[in-house]
Amino acid sequence: MTGNTWTASGGELADSYDRHGGTLRGALRHALIARVVRAHLPLAPQRVLDVGGGGAQQALALARAGHHVTVLDPDPRMLQQAEARLAAEPEHVRNRVVLVAGTGERAADLVGGGFDAASCHGVLMYTADPLPLLAALVDAVRPGGMLSVATKQPALAMRPGLSGQWERALELLDATAEVGNLRAATYARSVDELSEVLDGLGAAVSAWYGVRIFTDHLGDAPVPEQEEFDRILEAEWQAGCRDPYRRIARMIHLIAHRAVVV
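Below: a short report on this structure. None of these values were measured; they are calculated from a predicted model.

1. What about the overall build of the protein?
Secondary structure assignment for the protein yields 12 helices and nine strands. On C-alpha atoms alone, the protein measures out to a radius of gyration of 17 Å, which is about the 18 Å that the 2.2 N^0.38 rule sets for 262 residues. C-alpha extents for the protein along the principal axes are approximately 50 × 40 × 35 Å. Within the protein, the proportion of its 262 residues that are buried is 52%. Sequence separation of at least 24 residues holds for 77% of the intrachain contacts in the protein that already meet a minimum separation of 6.

2. Focus on the packing of aromatic side chains
As enumerated under the stated definition, the model contains two aromatic pairs in all. The aromatic ring of F115 is capped on one face by R47, whose charged end is 4.2 Å from the ring centroid.

3. Regarding the pairing of strand β1 (residues 47-51)
Burial runs high along β1: four of the five residues are buried. Relative to strand β2 (residues 68-73), β1 runs parallel, the two sharing five bridges. When the bridges of β2 are listed, V51 appears paired with L72. Assessed by its sense of winding, the connection that carries the chain from β1 through helix α4 (residues 57-64) to β2 is right-handed. Bridge count for β1 against strand β4 (residues 115-121) is four bridges, and the pairing is parallel.

4. So, the pattern of salt bridges
Proximity of charged atoms lets side chains of opposite charge pair with each other. Applying the stated criterion across every chain, the model contains 12 salt bridges. The salt bridge partner of R35 is E234, with a shortest N-O separation of 3.1 Å. Of the two residues, R35 sits in helix α3 (residues 24-40) while E234 sits in helix α12 (residues 226-240), which places them 199 residues apart along the sequence. The class for R35 is partly exposed, based on a relative accessible area of 23%. The shortest N-O distance in the salt bridge between E193 and R189 comes to 3.8 Å.

5. Considering a nonpolar patch on the surface
Taken together, the side chains of M158, L162 and I248 define a hydrophobic patch exposed on the protein surface, amounting to about 240 Å² of accessible area. By secondary structure assignment, the location of L162 is in helix α9 (residues 158-162). On the basis of relative accessibility, which here comes to 48%, the residue L162 falls in the partly exposed class.

6. Section: the side chain of R246
Tracing the backbone through its elements, the reader meets R246 in the loop between α12 and β9 (251-258). Among residues more than four places away in sequence, those in contact with R246 are Q153, W208, G210, I213, A239, G240 and C241.

7. So, the sheet that holds strand β3 (residues 97-101)
The strand order β3-β2-β1-β4-β5-β9-β8 describes an open sheet built from seven strands, whose pairing is mixed. Each of the sheet's edge strands pairs with one partner strand only, and the pair in question is β3 and β8 (203-211). The sheet shows a mean angle of 15° between the axes of neighbouring strands, taken without regard to direction. One ladder, built from seven bridges, connects strand β5 (residues 141-152) with β9; its direction is antiparallel. Its bridge partner being in β9, V149 is matched across the sheet by L254. The strands touched by α4 within the sheet are β1, β2, β3 and β4, with β2 carrying the most contacts at an inclination of about 170°. Strands in contact with helix α8 (residues 131-140) are β1, β4, β5, β8 and β9; relative to β5, the strand with the most contacts, it is inclined by about 145°.

8. Let's talk about the environment of G122
Inspection of the secondary structure assignment puts G122 in the loop between β4 and α8. With a relative accessible area of 11%, G122 lands in the buried category. For the pair G122 and V149, spaced 27 residues apart in sequence, the C-alpha to C-alpha distance is 7.9 Å. What G122 contacts, discounting residues up to four positions off in sequence, is R29 and A150.

9. Thoughts on helix α11 (residues 191-200)
An α-helical segment advances 3.6 residues per turn. Residues three or four places apart therefore align on the same side. Of all the residues in α11, the buried ones are V191, L194 and L198. The buried residues of α11 all sit within an arc of 75° when viewed along its axis, so they share a single face. Turned more than 90 degrees away from the buried face of α11 sit D192, E196, D199 and G200, all of them exposed. Where α11 is buried, its residues touch α8, β5, β8 and β9. Where α11 terminates, the next one or two residues include G202, which has phi positive at roughly 90°.

Cut-off values and rules
- Residues numbered from 1 in each chain as written.
- Predicted model: local features only at pLDDT ≥ 70, side-chain atom pairs only at ≥ 80, totals over all residues.
- Heavy atoms only, no water.
- Helix = DSSP H or I, 4+ residues; strand = E, 2+ residues; numbered from the N terminus.
- Rg over C-alpha atoms; globule rule 2.2 N^0.38 Å.
- Buried < 20%, exposed > 50% of the residue type's maximum accessible area, 1.4 Å probe, protein only.
- Contact = heavy atoms within 4.5 Å.
- Phe/Tyr/Trp six-rings, centres within 6.5 Å; stacked < 30°, edge-to-face > 60°.
- Lys NZ or Arg CZ within 6 Å of the ring centre and 35° of its normal.
- Pairing = 2+ DSSP bridges.
- Right-handed = clockwise from strand over helix to strand, strands pointing away.
- Salt bridge = Lys/Arg side-chain N within 4 Å of Asp/Glu carboxyl O.
- Patch = residues over 30% accessible without salt bridge, like charges linked within 9 Å, V, L, I, M, F, W, Y side chains within 5 Å.
- Areas by Shrake-Rupley, 256 points an atom, 1.4 Å probe, with all protein chains shown as cover.
- Axes fitted to C-alpha atoms, helices over the stretch in contact; angles between N-to-C directions.
- Arc of directions from axis to C-beta.

What follows is the structure, encoded as structure tokens:
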């Protein structure tokens, strides 16, 4: 994607992101984002465009629920991981997912439009300018269609502060961009900033959530037993739905709808 620090890294982040899904933080991220999407997406089968959905974690959850998903991602390694996951699914689930190589900004040329919903989870944080990608998302959905966008918010100092990394916390308190350990700069944006951009594109934000509040500082802690994971998930969900907790979450998750012109 244009100006995208993930793709500029040469694709080396794909395997690290895949491993991240096996940690508590990664599993919570996928589960919380999926829960928000389920809460807002109609139960009837929908056509969904998943921009930057490379590994197909969210696409598979939607396909299992009966939706038809087009995954658009420029990272070959991520698409290989998606193919491997699809191969392990029943045929009726596999048939609901289409994988397309390419950038989100080129969605209109690559996959067309008229989707019932478009999602973009964890891509905006790698783009210096969010406008081109958000504009492509809005154009991809029909009038009244849903947009689901997740990215980092500016409370970046929370993680190192809670972990006792005081120099790093001080460094990030005034930072507008974070350079991670994987050599890809990531950018944090507020709910207000993204809402303003989306509103200018003809899409109004109707709800937003915090993603990972109590657990973001736990490093690569493994996923616990299901009963314990469910308790943690519920605590994160409840906190992520309300102030003041959601305003210090690692990530924010916005739901918007494209305006219907009458």
